[in-house]
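Reading the structure
The primary structure of each chain is shown beneath.
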Amino acid sequence: MRLILAGNPNSGKTTVFNHLTGSRQHIGNFPGVTVEFKKGTYGSDEIIDLPGLYSLEPHSAEEQVAAKYLKTHPPDGIINCIDMTNLRRSLGLTLSLMELGIPMLIVANMLEECQPKPDLEKLEQWLELPVFAVRQQNRWAPAVLIRMMRFEIQNHRIPKPLCRGGAEEKFRFIDRYNPIPCCKTKFGNWDRVLMHPVWGTAVFLGIMGSIFDLTFHRLGPFFTEPILQSINGFKEMAGAIGPPLLRSLIQGVIAGVGSVFSFLPAMMLLFFFLAILEDSGYMVRICYLAENIMSVFGLSGKSAVPLLIGFGCTVPAALSARTMESEQQRRRTLGLLPFVSCSAKLPVYGMLYPQGGFWVIPLIYLAGIAVGLAVAALSPRKAVPLLLEVHPYRRPKLKNLWHRLWGQTQSFVQKAFTVLLAASVIATLLQQFTPALQYTGDAEKSLLAWLAGIPLPLFKPLGLGQWETVAALIAGLFAKESIVSVLSVTGAAVPAPLPFLAFVLFYPPCVAAMSTLRKEAGWGFALKTFLLHLALAYLAAWIL
Amino acid sequence: MKLTDLRQDAKGQITAVPFPRMAELGLVRGTTVRVLSKGMGGNPLQISFEGCRLLIDRRTARKTEVEPCD
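Since we're looking at a predicted model, the values are computed, not measured.

In this section: the overall build of chain A. Regarding its fold elements, chain A presents 24 helices and eight strands. Relative to its length of 544 residues, chain A is compact, with a C-alpha radius of gyration of 26 Å against a globular reference of 24 Å. Along the first, second and third principal axes, the C-alpha set of chain A runs to 80 × 50 × 40 Å. Contacts in chain A between residues at least 24 apart in sequence constitute 72% of all its contacts with a sequence separation of at least 6.

Okay, structure coming up:
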């Protein structure tokens with residue numbers, strides 16, 4: 001069977017998906033476009049987790065592709081996840097899904113948060129659909145759900161549409177005939193402070209400050225130092241291995257990949273904290289606090305979420321902008337993302353300012369964002385509506401956090417053993433041979449020095465007239481962590497840290513990020529972004 | 001009356017919405033909304049209706065017509 005999980009955003013689809021498929025899942029793409037969806041298996045059955053939908057008449061890019069996929073690639077069955085604390089709104093999509101003529105069942109989520117407890121039998125009778133109750137997360141049997149779905153499919157039980165028509169007709173129908181009373185959702189009193197214009201902003205700054213402090217100052221270095229010591233130990237051991245070329249290659253790879261790996265704990269900490277902010281529901285409160293100030297720069301409060309995710313990595317941040325209904329807002333947010341320093345730049349900042357106080361790196365991050373907002377303010381704009389649902393706070397589920405953290409860590413480890421390994425090997429080899437391909441022990445006469453020497457005159461006015469620095473910056477276009485790798489391999493110190501920092505802060509993002517921007521907004525946008533950031537980086541480095 | 005004219009904790013019944021997206025979120029004519037809070041400068045508004053809470057920017061709220069309730 002091929003089953004699709006459909007429901008409103010935050011209705012618990014992904015939790016159901018993770019419980020059904022466990023680790024047997026991977027990220028896929030809709031055909032022809034790059035909207036991502038998760039695909040997994042349960043036995044021989046394929047399970048697809050669609051992005052959240054409010055209706056089949058979608059607005060955002062993500063919704064459009066998901067709705068189109070549902071219509072053009074009809075599954076064998078639909079598992080419609082419903083947030084029972086928001087039954088009325090969820091039923092709007094349910095009534096639309098029932099019109100598709102595909103066997104369907106309802107998964108009733110968040111029942112433990114409902115007061116009074118809804119009568120699911122009445123819901124079953126009214127919709128004439130089976131309802132699977134999830135009373136305790138991760139303690140229900142996937143086999144039962146699959147068996148129920150299989151029964152619907154094998155007996156060709158097609159849902160009978162209850163109401164055809166637009167959203168207004170559907171909600172009038174729901175208000176008139178829905179037998180389940182609206183339940184009181186417990187939002188708690190946290191929002192009195194956390195959504196207060198003054199106190200809420202102070203708390204938000206405090207939370208972000210704490211995240212940076214823990215990541216870069218207290219916890220991060222606690223794990224980074226032992227890794228760095230081990231790497232130096234391995235390098236020394238490699239100094240006794242065989243012929244000079246092999247020795248140099250091994251030491252180069254250990255230095256290049258290892259020096260970046262030492263920042264993996266800090267990156268994982270950052271990913272972890274950002275995941276907690278998302279899963280707890282706090283991100284929406286950030287959008288509320290940010291709306292007023294973002295609107296000054298022609299952006300929406302919703303843009304705050306991709307910006308925060310961009311602290312981890314630009315690629316998922318760009319993908320998260322797909323939830324924005326306005327194409328113009330989406331492109332403005334995408335344009336801002338390269339100004340947000342991603343975690344890949346962390347090793348570079350750490351290398352330049354190893355003894356800097358915990359405030360140094362946040363200051364660097366803020367500088368990038370400030371310039372980005374200034375650029376956004378200068379570009380033409382059109383007001384777009386903000387319509388964002390606020391959910392109750394929820395305790396983040398460790399299993400979901402782990403899935404998210406593992407996925408992002410896997411990406412980084414994959415990058416380390418592909419791009420960074422290649423960069424280290426190539427940089428080391430280029431450093432061992434002259435342009436005439438003769439082995440040399442003098443790096444100044446190497447092919448790497450010769451290649452980096454070509455654009456070198458352009459960098460001399462910036463105080464960066466060292467071939468090692470230029471080689472590192474070129475490598476950084478492929479992966480920002482490569483900057484540290486190449487500098488480690490060549491053993492060079494950066495001649496002018498401040499201009500180098502400014503250049504790294506503003507110059508174009510890595511190939512993966514540029515490729516994502518190109519897919520999200522087209523060649524023209526990507527090219528303009530590339531040239532703008534190259535010019536900005538040069539200007540900033542020259543000024544400093 | 002506009003949604004922005006409602007004070008905090010005041011209720012109103014929707015009579016017209018400017019965007020179809022609002023209807024898909026359940027904000028249709030006849031829905032009773034309550035203004036929970038307003039951000040800095042009155043932007044955005046946080047409203048609640050039928051167990052749901054929504055953030056609406058001030059410009060959209062200014063285009064949303066309501067009939068005040070007691």
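Further notes follow.
All names here are of chain A. Core analysis: the largest hydrophobic core is formed by 169 residues, its most contacted members being Leu5 and Phe503. Tallying contributions element by element places helix H10 (residues 264-280) first for this core, with 11 residues. Viewed by domain, this core spans two of them, domain 1 (2-177) and domain 2 (199-543), each represented by three or more residues. For Leu5, the contacting residues outside a window of four places in its chain are Lys13, Val16, Phe17, Ile47, Ile48, Asp49, Leu50, Ile79 and Cys81.

With that settled, the discussion passes to the pairing of strand E3 (residues 45-49) of chain B. Residue and element names in this part refer to chain B. Counting buried positions along E3 yields four of five residues, so the element is predominantly enclosed. Pairing geometry for strand E2 (residues 32-38) and E3, over four bridges, is antiparallel. Across the sheet, the residue bridging to Arg34 is Ser48, located in E3. Connecting the antiparallel pair E2 and E3 is a turn made up of six residues, with Gly41 showing a positive phi of about 70 degrees. One ladder, built from five bridges, connects E3 with strand E4 (residues 52-56); its direction is antiparallel. From the neighbouring strand, Gln46 faces E4, where its bridge partner is Leu55. Turn length for the E3-E4 hairpin, with the two strands adjacent in sequence and antiparallel, is two residues, and the turn residue Glu50 shows positive phi of about 50 degrees.

What follows covers the interface of chain B and chain A. Listed per partner, the contact involves 27 residues of chain B and 32 residues of chain A. The set of elements that each furnish at least two residues to the side of chain B that touches chain A consists of helix H1 (20-24), E4 and helix H2 (58-62) of chain B. Here the residues of the side of chain B that touches chain A sort into 12 nonpolar, eight polar and seven charged. Relative to E4(B), strand E8 (residues 387-390) of chain A runs antiparallel, the two being bridged by four bridges. Considered in E4(B), the bridge of A:Glu389 is made with B:Leu54.

Once that is clear, we can look at the packing of helix H22 (residues 497-506) of chain A against helix H24 (residues 523-543) of chain A. Residue and element names in this part refer to chain A. Axis separation between H22 and H24 bottoms out at 8 Å; the angle between their running directions is 165 degrees. When the axes of H22 and H24 are compared, the pair comes out roughly antiparallel. Pair H22 / H24 crosses with right-handed handedness. For the pair H22 and H24, the contacting residues are Pro499, Ala502, Phe503 and Phe506 in the first and His533, Leu536, Ala537, Ala540 and Ala541 in the second. Of the residues that constitute the contact of H22 with H24, the class distribution is eight nonpolar, one polar and no charged.

Our focus in this paragraph is the environment of A:Ser446. All names here are of chain A. Mapped onto the secondary structure, Ser446 falls in the loop between helix H17 (398-432) and helix H18 (447-453). On the neighbour-count criterion, Ser446 (23 C-beta atoms within 10 Å) is buried. With 13 residues separating them along the chain, Ser446 and Phe433 place their C-alpha atoms 5.3 Å apart. Ignoring sequence-local partners within four residues, the contact set of Ser446 consists of Leu430, Gln431, Gln432, Phe433, Thr434 and Thr440.

Residues and elements named next belong to chain A. Closest axis-to-axis distance for the helix H23 (residues 511-521)/H24 pair is 7 Å, and the angle between their directions is 140 degrees. One finds that H23 runs oblique with respect to H24. Seen from H23, the contacting residues are Met514, Leu517, Arg518 and Ala521; seen from H24, they are Trp523, Phe525, Ala526, Thr529 and Phe530. Grouping the constituent residues of the contact of H23 with H24 by class yields seven nonpolar, one polar and one charged.

All names here are of chain A. Entries for chain A in the domain assignment read domain 1 (2-177) and domain 2 (199-543). The C-alpha centroid of domain 2 is placed 37 Å from the C-alpha centroid of domain 1. Of the residues lining the interface, 14 residues belong to domain 1; the matching set on domain 2 comes to 13 residues. Those elements that place two or more of their residues in the side of domain 1 that touches domain 2 are helix H1 (13-21) and helix H2 (61-72).

We now examine helix H3 (residues 87-98) of chain A. At 3.6 residues per turn, the α-helix brings residues three or four places apart onto the same side. Taking 1.5 Å of rise per residue, 12 residues should cover 16 Å, and H3(A) covers 16 Å from first to last C-alpha, within 8% of that figure. With 11 of 12 residues buried, H3(A) lies mostly within the body of the structure. Taken as a whole, H3(A) has its buried residues at A:Leu87, A:Arg89, A:Ser90, A:Leu91, A:Gly92, A:Leu93, A:Thr94, A:Leu95, A:Ser96, A:Leu97 and A:Met98. Structurally, H3(A) contributes buried residues whose contacts are with strand E1 (2-7), strand E5 (77-83), strand E6 (104-109) and helix H6 (167-177) of chain A together with H1 and E4 of chain B.

Glancing now at helix H8 (residues 199-238) of chain A. Residue and element names in this part refer to chain A. The end-to-end C-alpha distance of H8, which contains 40 residues, comes to 55 Å, matching closely the 58 Å that a straight helix rising 1.5 Å per residue would cover. Gly200, Ile211, Phe212, Thr215, Phe216 and Gly220 are the residues of H8 that are buried. Turning to H8, the residues buried within the fold contact helix H7 (190-194), H10, helix H11 (282-296) and helix H16 (360-378).

Here we come to the sheet that holds strand E5 (residues 65-68) of chain B. The strand order across the open sheet built from six strands is E8(A)-E4(B)-E3(B)-E2(B)-E1(B)-E5(B), with neighbouring strands paired in antiparallel fashion. Since the sheet does not close on itself, it has two edges, and those belong to E8 of chain A together with E5 of chain B, each with one partner. Strand-to-strand twist across the sheet, computed as the mean angle between neighbouring axes with direction ignored, equals 40 degrees. In the sheet, strand E1 (residues 11-16) of chain B pairs with E5(B) via four bridges, with the strands oriented antiparallel. Residue pairing across strands places B:Gly12 opposite B:Pro68, the latter belonging to E5(B).

What follows is about the environment of A:Ser280. Residues and elements named next belong to chain A. Looking at the element boundaries, Ser280 is found in helix H10. The exposure class assigned to Ser280 is partly exposed, which follows from the 15 C-beta atoms found within 10 Å. In the structure, Ser280 is positioned 115 residues away from Arg395 in sequence and 5.6 Å away in space, judged by C-alpha atoms. Every residue in contact with Ser280, bar those within four places of it in the chain, is listed here: Tyr393, Arg394 and Pro396.

Quick notes on the rules
- Residues numbered from 1 in each chain as written.
- Chains lettered and ligands numbered in written order.
- Predicted model: local features only at pLDDT ≥ 70, side-chain atom pairs only at ≥ 80, totals over all residues.
- Helix = DSSP H or I, 4+ residues; strand = E, 2+ residues; numbered from the N terminus.
- Rg over C-alpha atoms; globule rule 2.2 N^0.38 Å.
- Contact = placed C-beta atoms within 7 Å.
- Core = buried A, V, L, I, M, F, W, Y, C linked by C-beta atoms within 7 Å.
- Buried ≥ 20, exposed ≤ 12 C-beta atoms within 10 Å, placed from the backbone.
- Domains from an automatic or database assignment.
- Pairing = 2+ DSSP bridges.
- Nonpolar A, V, L, I, M, F, W, Y, C, P; charged D, E, K, R; others polar.
- Axes fitted to C-alpha atoms, helices over the stretch in contact; angles between N-to-C directions.
- Parallel < 35°, antiparallel > 145°, perpendicular 65-115°, else oblique.
- Left-handed = near helix turned anticlockwise from the far one by under 90°.
- Expected span 1.5 Å × (residues − 1).

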